[in-house]
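Tertiary structure, described
Residues per chain are reported as follows:
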Amino acid sequence: MTGNEPQVKFPIGKQINNCGCTQRTFAEDSEWTLATVPSLHTICLEHIADNFTQNPILHKLTDKQKAKVLLRLSTRLPLSITVPFVHDEDYWRRCFSKRWENCDIMDHGNSWKQAFTERHLKELIEQFVPNVTSPETIMDVVLLYRDYVHHLCIEQLLPHIQDSYSPLVNVGTFDSGKKRDMVDWRKAQVKSYDHFDFTLILDKLCCLQELSLTYGVKRCGMNFEWALFTFTEHDCLSLAKALQICKTLSVLRLRRSQVTDERLDVLLEHLRDHPSLLELDLGYNAIGDQGVCSIAQVIGTRLRCLTLCDNRIGRSGAHALALLLTRTCMLHSLDLQLNYLGDAGCQAIAGALAGNSSLVKLCLDANNLTEISATSLSHALAQNTMLQTLSLTSNRLGQVGGKVLQEGMVENGSLLELDLRFTEVGEETEWNVRKVLQGNREHWRILSGLPVS
């Protein structure tokens, strides 16, 4: 080449390769470093996380390695793999947040894994339709969750509306003018509203401590029928057998389920020798005096908390509970609001309360009480040294009844709370009662070693 030959200029950013073709060139990346290349250690951990379903070897890793693998694990892995092998709370918090929004972790033993398992099993039961949903869908999950489910709150139980047939009995008229019963064998539709059978799962939940049930349907809309909220005979018998098997249960809540005295007798018969039941909540049902008598006779002496609000309990039921309070019992809390005790029933309970040494909380709201009941309770408060909370709202005690209660409280040093809203006792009485309660609270704090406000 001579110096006189013309020079060929190529565009900036391009060069000529051996074939004479142009190709783009790239400038050197000033931010590139060797540290960005993943180490073999990191690649191995990523491989473990990506293939966790086939080889869950989390237990063979160190704590630092486990943290990296768990952070990469998907929340969509099969529960048959994650439940037995993954116990990290952060992972289960992520799993819970992917499915549901709100949760008070304190209601689930302060454990996200327990919260996930309890919430998932709750959904499966609430969406179960008898004779339609396969029981295996729940049984497989129950076997996985058996060591983690401690509290189960079922707010809905769907019935299976099954068409069965039965003969009709009609009255026929004959030429002789006589009437006799004749059977019309035409088929008639009879709907069955039985719900989920708890004998399938309760014997397998070996850690279950609290069970809350409501036999009804939420958001049924225009399909509303009272029968959807019925606690049937089959439901009662199956639940009774299941409760008898579940020996770890300490709290049973069966609310808003139209439980009658007859159904309650069946339940109590199976709970007669239950070793751990301490709290029974049968609020918002159809229990009368007969049912309360059965409770007091069968399991009353072993209960610590009894809730019977919004039922049909009258004077006879109150006398049965009064007899229970006079015997050796462990009852700490008794809720009888929204019943029909009247003054006669309240007098019976007040008479038993005077010598009772176990009851700490008593609720008698909305029971048609008058100043006669206030007088009985005043005498009881003057002698009782254990009761701390008494609620009498929505009763017509009147100003005379309020003053009588105030006189009884002067000699009582244990009562810390007294609710007199909507009782017409007058503002002066309410102020005086508040002063007495304030003095009792300060005295209680001194005895407990707490600072006085």
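Looking at an unreviewed UniProt entry, the chain carries the name T-complex-associated-testis-expressed 1, with the source organism given as Eptatretus burgeri. Within the UniProt record for the chain, the comment given under Subcellular location (unreviewed entry) is "Cytoplasm, Cytoskeleton".

With that settled, consider the overall build of the chain. Across its full length, the chain carries 14 helices and 13 strands. Counting all 453 residues of the chain, 42% fall into the buried class. Look at the contacts in the chain between residues 6 or more apart in sequence, and 74% of them connect residues 24 or more apart. On the chain, roughly 25700 Å² of surface is accessible, and the fraction owed to carbon and sulfur atoms is 52%.

Here the focus is the side chain of Ser212. Looking at the secondary structure, you find Ser212 in strand β6 (residues 210–213). The class of Ser212 is buried, set by a relative accessible area of 12%. Polar contacts involving the side chain of Ser212 include one to the side chain of Arg253, which spans 3.3 Å. Among all residues touching Ser212, those that are not within four sequence positions of it are Leu152, Cys153, Ile154 and Arg253.

With respect to the secondary-structure elements, Thr389 resides in strand β12 (residues 389–391). Taking the C-alpha atoms as reference, Thr389 lies 6.1 Å from Leu418; in sequence the two are 29 residues apart. Among all residues touching Thr389, those that are not within four sequence positions of it are Val360, Lys361, Leu362, Leu415 and Glu417.

Taken as a whole, this structure holds one cavity of 30 Å³ or more when the rule is applied. As for the largest cavity, its lining consists of Leu252, Leu254, Leu264, Leu267, Leu268, Leu271, Leu280 and Leu282. Looking at the lining of the largest cavity element by element, the count peaks at four residues for helix α8 (residues 261–271). Taken together, the residues that form the lining of the largest cavity break down as eight nonpolar, no polar and no charged.

For helix α9 (residues 289–298), the set of buried residues is Gly291, Val292, Ser294, Ile295, Ala296 and Val298. Considering only its buried residues, α9 is in contact with α8, β9 (305–307) and α10 (315–326).

With respect to topology, nine strands assemble into an open sheet ordered β3-β6-β7-β8-β9-β10-β11-β12-β13, the strand pairing being parallel. Only two strands of the sheet have a single partner each, and these edge strands are β3 (151–154) and β13 (417–419). Across the sheet, the axes of successive neighbouring strands diverge by a mean angle of 5°, strand direction being ignored. Relative to strand β11 (residues 361–363), strand β10 (residues 333–335) runs parallel, the two sharing three bridges. In the strand pairing of β11, Asp335 is matched with Cys363.

A separate point is the pattern of salt bridges. Applying the stated criterion across every chain yields a total of 10 salt bridges. Glu155 is the salt-bridge partner of Lys122, the closest N and O atoms lying 3.8 Å from each other. Here Glu155 lies in the loop between β3 and β4 (162–173) and Lys122 lies in helix α5 (residues 112–126), a separation of 33 residues in the sequence. The class for Lys122 is buried, based on a relative accessible area of 14%. What makes Glu155 partly exposed here is its relative accessible area of 37%. The partner of Glu155 in a salt bridge is Lys218, and the shortest N-O contact between them spans 3.2 Å. One end of the pair, Glu155, is in the loop between β3 and β4; the other, Lys218, is in the loop between β6 and α7 (233–245), with 63 residues separating them in the sequence. Residue class for Lys218 comes out partly exposed when judged on its relative accessible area of 30%. The network of salt bridges with common partners includes Lys122, Glu126, Glu155 and Lys218.

What counts as what
- Residues numbered from 1 in each chain as written.
- Predicted model: local features only at pLDDT ≥ 70, side-chain atom pairs only at ≥ 80, totals over all residues.
- Heavy atoms only, no water.
- UniProt positions renumbered as here; feature names shortened; annotations may be inferred.
- Helix = DSSP H or I, 4+ residues; strand = E, 2+ residues; numbered from the N terminus.
- Buried < 20%, exposed > 50% of the residue type's maximum accessible area, 1.4 Å probe, protein only.
- Contact = heavy atoms within 4.5 Å.
- Areas by Shrake-Rupley, 256 points an atom, 1.4 Å probe, with all protein chains shown as cover.
- Polar contact = N/O pair within 3.5 Å; in protein donor to acceptor, adjacent residues only side chain to side chain.
- 1 Å grid on protein atoms, 1.4 Å probe; cavity = no way out; pocket = protein on both sides within 12 Å on 5 of 7 lines; lining within 4 Å.
- Points joined across faces, edges and corners; volume = space filled by probe spheres on them.
- Nonpolar A, V, L, I, M, F, W, Y, C, P; charged D, E, K, R; others polar.
- Pairing = 2+ DSSP bridges.
- Axes fitted to C-alpha atoms, helices over the stretch in contact; angles between N-to-C directions.
- Salt bridge = Lys/Arg side-chain N within 4 Å of Asp/Glu carboxyl O.

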